[in-house]
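Per-entry structural report
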Amino acid sequence: MTLPTPIILDCDPGHDDAMAILLAAANPAIELLGITTVSGNGSLDKVTYNAQRVCALANIVVPIAKGANDPMAGKASAAPTIHGVSALDGAELPEPTFELSNFSAVELIADLVSNCDRKVTLIPTGPLTNIAMFLQAHPELHDRIEHISFMGGSTERGNWTPYAEFNIWADPEAADIVLRSGLPLIMSGLNITHQALATPEILNRILQLDTKLANTIVDLLKFFADTYRDVFGMPDPPVHDPVALAIIIDASVAKLVSAPVSIELTGEFTRGATVVDLHGTTGQSANVDVAMELDVDKFWNLMIEAIDSLGSKQK
Ligand code: RIB
Ligand code: CA
């Protein structure tokens, strides 16, 4: 019998991070060991509170530890307004049902990885500060990491600057440390996550589940849709973060291409860009498996099954 893949979700909830939490908690191929938070879509306090509230909403009980408030170089950037004042606007959410871990994010990751009987997969869906700090502080645990499957970057244009995606832009030095780590990396950039659109048809499929959780998720996604339409002119919002986890659940969800990926740190106009060498023009060796094509039906089936599974337990 295949054991579930043990994972740690490092996130900045955030509407799409919230969807990744649900998928991680519900899918039987995954064992969610813990959640760590990093400032990004909102301040560290806001995104941590949101992680607690999502867990309360779906009856998820796992350790949650606060991580970095500032990037490795400089101060925290203005959190984007895509997710609202709370960083998870759009629905009434319950108050937390359990206290935060006494560990910091790095300490919790180290503790969970050290004590797991299998190699652990890290799923960062926010800026990579916690992950970089963990890798620097615990070189002795690198061989206990199965994959780092992160949402970030892009093989095309950015979304926060013309050529930088937000998670990488928010802490390029951390991303550089992760990309140079030599660990097995899977990158889900905007080029694939923009295929994971929460269309009206998808919202209707979720509504038909007819549970309180499903209704709450639809309210959250409708808010997310409004801000994405207003800010980016996209008719439907891309639910970025669960893509990085869906690939671990079912490798056939995406087509992966091995390629050299570097982080631009000094470009006057391009700092935070992921420079993806898809055609071997740099002579560098590949360090990342880059997700290129999404099986949209498989992705949304996984997502909707997760919402259904968690919601039906609440009836
Ligand atoms: O650029 C999209 C990423 O930035 C997503 O992870 C979203 O949640 C924000 O963190
Ligand atoms: Ca995120």
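On to the overall build of the chain, then. Scanning the chain from N- to C-terminus turns up 11 helices and 10 strands. The dimensions of the chain, computed from C-alpha atoms along their principal axes, are 55 × 45 × 40 Å. Across the 315 residues in the chain, those meeting the buried criterion constitute 57%. Excluding contacts between residues fewer than 6 apart, the proportion of contacts in the chain whose partners are at least 24 apart in sequence is 82%. Approximately 12600 Å² of the chain is accessible, and the part contributed by carbon and sulfur atoms is 52%. Taking the 18 positively charged and 39 negatively charged side chains of the chain as two groups, their mean positions are separated by 2 Å.

Spatial ordering of the open sheet is given by 3-2-1-4-5-6-10-7, a layout of eight strands whose pairing is mixed. Looking along the sheet, the strands with just one partner apiece sit at the ends: strand 3 (64-66) and strand 7 (254-259). Going across the sheet, the axis of each strand differs from the next one's by a mean of 25 degrees, ignoring polarity. The pairing of strand 1 (residues 5-11) with strand 2 (residues 30-37) spans seven bridges and is classified as parallel.

The coordination sphere of the calcium ion (ligand 2) contains the protein donors D12 (OD), D17 (OD), D17 (OD), T125 (O) and D241 (OD), at a distance range of 2.2 to 2.6 Å. As a motif over one chain, the donors of the calcium ion (ligand 2) read D-x4-D-x107-T-x115-D. Here the residue D12 occupies a position in the loop between strand 1 and helix 1 (15-26), and T125 occupies one in the loop between strand 4 (120-124) and helix 4 (129-137), the gap between them amounting to 113 residues. The burial state of D12 is the same as that of T125; both residues are buried.

Tallying each qualifying case throughout the model produces seven salt bridges. For R229, the salt bridge identified is with D226, shortest N-O distance 3.0 Å. Highlighted residues: R229 and D226, both in helix 9 (residues 212-232), separated by three residues, approximately one helical turn. Given a relative accessible area of 39%, R229 falls into the partly exposed group. Three or more residues joined by partner-sharing salt bridges are found here, namely E31, D117 and R118.

Take the state of the cysteines next. This structure, assessed with the given rule, holds zero disulfides. Sulfur of C11: no disulfide; nearest cysteine sulfur belongs to C55 and is 8.3 Å away. Judged by its relative accessible area of 0%, C55 is buried.

With that settled, consider the packing of aromatic side chains. Taken as a whole and judged by the stated rule, the model has six aromatic pairs. Between W160 and W169, the aromatic rings sit 6.3 Å apart at their centres with planes inclined by 55 degrees, giving tilted as the arrangement. Ring pairing ties together the aromatic residues W160, F166 and W169, which thus form one cluster. For R157, the ring lying beneath its charged end belongs to Y163, and the centroid distance is 5.0 Å.

All residues in the neighbourhood of ligand 1 are listed as D12, D16, D17, N41, T125, M151, N159, E165, F166, N167, H240 and D241. A distance of 2.8 Å separates an oxygen atom of ligand 1 from a polar side-chain atom of N159. Listed by contribution, the elements that provide at least two residues to the shell around ligand 1 are helix 1 and helix 5 (166-170). Looking at the shell around ligand 1 residue by residue, the class counts come to two nonpolar, five polar and five charged.

Judged by nonpolar contacts, the single largest core of 67 residues is most densely connected at I21, I35, I206, L221 and I307. Ignoring any residue separated from it by four or fewer positions in sequence, one finds I21 in contact with L9, C11, P13, I35, A51, V54, C55 and I60. Within the second largest apolar cluster, 35 residues are counted, among which are V113, F150, L179 and V261.

Criteria and cut-off values
- Residues numbered from 1 in each chain as written.
- Chains lettered and ligands numbered in written order.
- Predicted model: local features only at pLDDT ≥ 70, side-chain atom pairs only at ≥ 80, totals over all residues.
- Heavy atoms only, no water.
- Helix = DSSP H or I, 4+ residues; strand = E, 2+ residues; numbered from the N terminus.
- Buried < 20%, exposed > 50% of the residue type's maximum accessible area, 1.4 Å probe, protein only.
- Contact = heavy atoms within 4.5 Å.
- Areas by Shrake-Rupley, 256 points an atom, 1.4 Å probe, with all protein chains shown as cover.
- Lys, Arg positive; Asp, Glu negative; His and termini not counted.
- Charge placed at Lys NZ, Arg CZ, Asp CG, Glu CD.
- Pairing = 2+ DSSP bridges.
- Axes fitted to C-alpha atoms, helices over the stretch in contact; angles between N-to-C directions.
- Donors = N, O, S within 2.8 Å, 3.2 Å for Na, K, Ca; no water.
- Salt bridge = Lys/Arg side-chain N within 4 Å of Asp/Glu carboxyl O.
- Disulfide = S-S within 2.5 Å.
- Phe/Tyr/Trp six-rings, centres within 6.5 Å; stacked < 30°, edge-to-face > 60°.
- Lys NZ or Arg CZ within 6 Å of the ring centre and 35° of its normal.
- Near = heavy atom within 4 Å.
- Polar contact = N/O pair within 3.5 Å; in protein donor to acceptor, adjacent residues only side chain to side chain.
- Nonpolar A, V, L, I, M, F, W, Y, C, P; charged D, E, K, R; others polar.
- Core = buried A, V, L, I, M, F, W, Y, C linked by side-chain atoms within 4.5 Å.

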